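Remarks on the overall topology
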Amino acid sequence: MPELPPFSPLLDITDEPHGQSLVVRVQGEIDLSTGPLLERHLLDVLGSVDPPHPLVVDLSGVLFLGSCGLALLVETHEAASERGTPLRIVAAQRAIRRPVEAVGLNTTLQLHPTLEAALAHVP
């Protein structure tokens, strides 16, 4: 695995089960060097969530979301939709909301201000 550039902190990913839902907590920056790791992880854990329970991606610890991060969120959303699994994203900070809204993905991706809001109305 190539070393990350010094300006990009390592990406920290942890999984936390919530009943039959799964919360994936992400901290750091999602850019070209860290995006593939997160993408691989999200697609791997998607199979462990039984529809209609959601896969929740908590990005509240993310400081930067690059275009590759937006693309991987869309790809994960599409893969989850094919399985009947809702993808819910926790993101209250401007670093996430602004790029999502700027490219018009706020109608595609379900953004929630808190983890509690993302887990509300879980079957």
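These lines cover the structure that appears in this document, whether it is placed above or below.

Our next topic: the nonpolar core. Among the nonpolar cores identified, the biggest contains 29 residues, and Val26, Ile30 and Leu59 are the most heavily contacted of them. At the level of secondary structure, the elements contributing two or more residues to this core comprise β2 (21–30), α1 (35–46), β3 (55–65), α2 (67–83), β4 (87–90) and α3 (94–102). In contact with Leu59, other than residues within four places in its own chain, are Val26, Ile30, Leu73, Ile89, Val90, Gln93 and Ile96.

Working note: α-helix, 3.6 residues per turn, so residues spaced by three or four point in the same direction. Buried within α3 we find Ile96, Pro99 and Val100. Viewed end-on, α3 has its buried residues packed into an arc of 100°, placing them on one side of the element. What points out from α3, more than 90 degrees from its buried face, is the exposed set Arg94, Arg98 and Ala102. Residue Gly104 follows α3 closely and has a positive phi angle near 80°.

Attention now moves to the sheet that holds β2. Read from one edge of the open sheet, five strands run β1-β2-β3-β4-β5, paired in mixed fashion. Bordering the open sheet on either side are β1 (12–18) and β5 (110–112), each of which pairs with just one other strand. Averaged over neighbouring strand pairs, the angle between their axes works out to 25° when direction is ignored. Judged from the seven bridges that link them, β1 and β2 form a sheet pairing that is antiparallel. Along β2, the bridge assignment pairs Thr14 with Arg25. Packing of α1 onto the sheet brings it into contact with β1, β2 and β3, and relative to β2 it is tilted by some 175°.

Scanning the entire structure with this criterion turns up two salt bridges. One salt bridge connects Arg25 with Glu16, and the closest N-O pair in it is separated by 3.0 Å. Here Glu16 falls in the partly exposed class, since its relative accessible area comes to 28%. Across the salt bridge formed by Asp58 and Arg25, the nearest N and O atoms sit 2.9 Å from each other. With Asp58 in strand β3 and Arg25 in strand β2, the pair connects residues that are 33 residues apart, well separated along the chain.

Parameters at a glance
- Residues numbered from 1 in each chain as written.
- Predicted model: local features only at pLDDT ≥ 70, side-chain atom pairs only at ≥ 80, totals over all residues.
- Heavy atoms only, no water.
- Core = buried A, V, L, I, M, F, W, Y, C linked by side-chain atoms within 4.5 Å.
- Buried < 20%, exposed > 50% of the residue type's maximum accessible area, 1.4 Å probe, protein only.
- Helix = DSSP H or I, 4+ residues; strand = E, 2+ residues; numbered from the N terminus.
- Contact = heavy atoms within 4.5 Å.
- Arc of directions from axis to C-beta.
- Pairing = 2+ DSSP bridges.
- Axes fitted to C-alpha atoms, helices over the stretch in contact; angles between N-to-C directions.
- Salt bridge = Lys/Arg side-chain N within 4 Å of Asp/Glu carboxyl O.

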